[in-house]
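Letter by letter, the chains look like this.
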Amino acid sequence: AIEGSGGGFQTMDHHKSVSPELPWKTMEDTPRRVVQTIEKIDNFQGRPAPLLRFRSTLEGPCLGPLFARFIMDLDQREKWDAQIANVYEAYPINDLDSANIAMQFGKYGDCS
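Think of each chain on its own: its residues are numbered from 1, step by step along the sequence as written. Side-chain atom pairs in this predicted model are given and counted only at pLDDT of 80 or more, local residue features only at pLDDT of at least 70, and totals for whole chains, interfaces and linings cover all residues. Neither water nor hydrogens contribute to the side-chain values; these are computed over all heavy atoms in the structure.

**A closer look at the pattern of salt bridges**
Here's step 1: Throughout this description, the term salt bridge denotes a Lys or Arg side-chain nitrogen within 4 Å of a carboxyl oxygen of Asp or Glu. The full count for this structure, using the stated rule, is six salt bridges.
Here's step 2: Measuring nitrogen to oxygen at the nearest pair gives 3.5 Å for the salt bridge that ties glutamate 39 to arginine 55. Placement of glutamate 39 in strand β2 (residues 37–41) and of arginine 55 in strand β3 (residues 51–55) is noted, with a sequence separation of 16 residues between them. Summarising the burial analysis for this pair, glutamate 39 and arginine 55 share the class buried.
Here's step 3: Residue arginine 77 pairs with aspartate 81 through a salt bridge whose shortest N-O separation is 3.0 Å.
Here's step 4: According to the relative accessible area criterion, aspartate 81 is buried, its value standing at 15%.
Here's step 5: Through salt bridges that share partners, Lys25, Lys40 and Asp42 make up one connected network. For helices the rule is a DSSP run of H or I covering at least 4 residues; for strands it is a run of E covering at least 2, with both sets numbered from the N terminus onward. Burial classification: accessible surface area is computed with a 1.4 Å probe over protein chains only, and a residue below 20% of its type maximum counts as buried, one above 50% as exposed, and the rest as partly exposed.

Here is the structure:
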């Protein structure tokens, strides 16, 4: 990940030139759990939305799409996230260009 180093999360965290402006706050750090560390930036890139980072050490085959589905698929996520029951789409986005114009072209992020 970083030239001339062994790599890994610890190397990235301690290498000041990688992300000196990113103030990660540790929300949870429990080495015995599957998700060992949860960290958060409150206002990523000055936008009023948090950025979360989950860290884990897993053994076995690398199946990235399965993890993405675990987080993004509503049917999968409702099995472990009780807040999904409170999520509803009040205003669906049918025209992405109009939505980006209304959001002032990236002030609050981009719809894609």
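**Re a nonpolar patch on the surface**
Here's step 1: A cluster of nonpolar side chains, Val34, Val35, Leu52 and Phe54, forms an exposed patch at the surface whose accessible area comes to about 360 Å².
Here's step 2: Mapped onto the elements, valine 34 comes out in the loop between β1 (25–29) and β2. What makes a patch is a set of residues exposed beyond 30% relative accessible area and free of salt bridges, joined within 9 Å when like-charged and within 5 Å when nonpolar (Val, Leu, Ile, Met, Phe, Trp, Tyr). The protein chains shown are the only cover counted for residues, whose accessible areas, like all others here, come from Shrake-Rupley with a 1.4 Å probe.

**Side note on the confidence of the model for the protein chain**
Here's step 1: Of all residues in the protein chain, 79% attain a pLDDT of 70 or more, and the chain-wide mean is 75.
Here's step 2: When the elements of the protein chain are averaged for pLDDT, helix α1 (residues 9–14) gives the smallest value, 53, and β1 the largest, 89.
Here's step 3: Here pLDDT means the predictor's own confidence in every residue, given as a number from 0 to 100. Note on contacts: a residue pair qualifies if any of its non-hydrogen atoms lie within 4.5 Å across the two residues. Throughout residues 1–5 the model reports pLDDT below 50, and contacts reaching past four residues in sequence, or to other chains, amount to six contacts.

**Things to note about the packing of aromatic side chains**
Here's step 1: Ring geometry is summarised as follows: Phe, Tyr and Trp rings, the Trp one being its six-membered ring, pair when their centres sit within 6.5 Å, and such pairs are stacked at plane angles under 30 degrees, edge-to-face over 60 and tilted between the two. Per the counting criterion, the structure on display carries one aromatic pair.
Here's step 2: Ring centres of phenylalanine 70 and tryptophan 80 lie 5.0 Å apart, and the angle between their planes is 20 degrees; on these two criteria the pair is classed as stacked. Here the residue phenylalanine 70 occupies a position in helix α2 (residues 64–72), and tryptophan 80 occupies one in the loop between α3 (74–77) and α4 (96–102), the gap between them amounting to 10 residues.
Here's step 3: By relative accessible area, phenylalanine 70 is classed as partly exposed at 37%.

**Details of the side chain of aspartate 81**
Here's step 1: Mapping aspartate 81 onto the fold places it in the loop between α3 and α4.
Here's step 2: Among the polar contacts made by the side chain of aspartate 81, one reaches the main-chain amide nitrogen of glutamine 83 at a distance of 3.1 Å. Polar contacts here mean pairs of N or O atoms no more than 3.5 Å apart (in protein, one a potential hydrogen donor and the other a potential acceptor; neighbouring residues in sequence count only if both atoms are side-chain atoms).

**A short note on the pairing of β2**
Here's step 1: Side chains of β2 alternate between two faces, with Thr37, Glu39 and Ile41 buried and Ile38 and Lys40 left unburied.
Here's step 2: Direction of pairing for β1 relative to β2: antiparallel, over a ladder of four bridges. Bridge pairing in β2 places glutamate 28 opposite isoleucine 38.
Here's step 3: Summarising the sheet, β2 and β3 pair through five bridges and their orientation is antiparallel. Pairing of isoleucine 41 across the sheet is with leucine 51, part of β3. At least two DSSP bridges between two strands are required for those strands to pair.

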